[in-house]
Amino acid sequence: MKSLLEEVRRVEQEAELLIRPEELEAALDLMATEISHRLGDTTPIILCIMTGGLVTCGKLLTRLHFPLQLDYLHVSRYRNQTAGSDDIAWLGKRPEHLAGRHILIVDDILDEGYTMQAIVAFCRQAGAASVSTSVLLDKASARKTAITPDFCAFTIPDRYVFGYGMDYKSFLRNAAGIYAVSR
Ligand SMILES: O=P(O)(O)OC[C@H]1O[C@H](OP(=O)(O)OP(=O)(O)O)[C@H](O)[C@@H]1O
Ligand code: HPA
């Protein structure tokens, strides 16, 4: 643990700030307006993808001023590492009562796309009336699947990032901006 903490401190010190907190807040305002226009009269279920989606989803929620319900799904593909594994671990309970409902999935980042692809498939199989996807960050150049987000705040380069819910080896989720790990 001591050496991991030393590594985390070094990564934090050497990281490059990509997106400032004020820019994130302003972009979330815009994303919330767009989501409200498109989904405001559908009484959607907002599906927060834990753990990384927690900050984006929480900040988005208070900007959505229409009737909605909140649920969550806990999946992990990176297992606190900086590269994804071949399989997605489904942790905890799976949401019920999605049939016939409009679903908005909210996550922090769309990277290779495997995680979101699996969650969309799950919602469709559960009989959702529609499934929309919303991410704070789109790492489009790293994509290995056909998925694109319906709502997205920023497109970022192919760098490993942390902050605003995203971790570096399970730490640094609490950083207030988006930082890229130094190369
Ligand atoms: O597009 P992909 O390459 O599949 O990666 C995106 C997913 O990876 C991260 O989750 P992670 O598995 O790290 O779990 P976490 O949310 O607990 O950090 C992130 O929160 C996304 O859910
Ligand atoms: O760049 C990333 N940072 C943190 N978590 C992630 N999960 C997929 N890509 C990333």
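Up top is the structure these notes are about.
Below, the structure is looked at part by part.

Criteria and cut-off values
Residues numbered from 1 in each chain as written. Chains lettered and ligands numbered in written order. Predicted model: local features only at pLDDT ≥ 70, side-chain atom pairs only at ≥ 80, totals over all residues. Heavy atoms only, no water. Near = heavy atom within 4 Å. Polar contact = N/O pair within 3.5 Å; in protein donor to acceptor, adjacent residues only side chain to side chain. Areas by Shrake-Rupley, 256 points an atom, 1.4 Å probe, with all protein chains shown as cover. Nonpolar A, V, L, I, M, F, W, Y, C, P; charged D, E, K, R; others polar. Phe/Tyr/Trp six-rings, centres within 6.5 Å; stacked < 30°, edge-to-face > 60°. Helix = DSSP H or I, 4+ residues; strand = E, 2+ residues; numbered from the N terminus. Buried < 20%, exposed > 50% of the residue type's maximum accessible area, 1.4 Å probe, protein only. 1 Å grid on protein atoms, 1.4 Å probe; cavity = no way out; pocket = protein on both sides within 12 Å on 5 of 7 lines; lining within 4 Å. Points joined across faces, edges and corners; volume = space filled by probe spheres on them. Core = buried A, V, L, I, M, F, W, Y, C linked by side-chain atoms within 4.5 Å. Contact = heavy atoms within 4.5 Å.

As for the site of ligand 2
Inspection of the region around ligand 2 gives Y78, I109, D111, K139, R159, Y160, V161, M166 and D167 as its neighbouring residues. Measuring from a nitrogen atom of ligand 2, one finds a side-chain N or O atom of D111 at 2.6 Å. Summarising the interface, the protein chains cover 92% of the accessible area of ligand 2, which totals 260 Å² for the free molecule. Class assignment of the residues belonging to the shell around ligand 2 gives a composition of 5 nonpolar, no polar and 4 charged.

Some details on the packing of aromatic side chains
Under the defined criterion, the tally for this structure stands at 3 aromatic pairs. Judged by centre distance (5.6 Å) and plane angle (50 degrees), the rings of W90 and F122 are tilted. On the criterion of sequence distance, the pair formed by W90 in strand β4 (residues 89-91) and F122 in helix α4 (residues 114-125) is long-range, its members being 32 residues apart. Its relative accessible area of 26% is what places W90 among the partly exposed residues.

Examining the layout of surface pockets
Estimated volume of the largest pocket: approximately 530 Å³. Listing elements by their share of the lining of the largest pocket, those giving two or more residues are β2 (45-50), β3 (69-76), β5 (102-110) and α4. With 4 residues, the top contributor of residues to the lining of the largest pocket is β5.

Let's talk about the nonpolar core
In terms of nonpolar packing, the biggest core is built from 27 residues, with I35, L60, L137, V161 and I178 touching the most fellow members. Residue assignment for this core shows that the elements contributing at least two residues are α2 (21-39), β2, α3 (54-61), β5, β6 (130-138), β7 (151-155) and β9 (178-180). No other element matches the 7 residues that α2 contributes to this core. Leave out the neighbours within four places in its chain, and I178 touches E16, L17, L18, I19, L24, L136, L137, V161, F162, G163, Y164 and M166.

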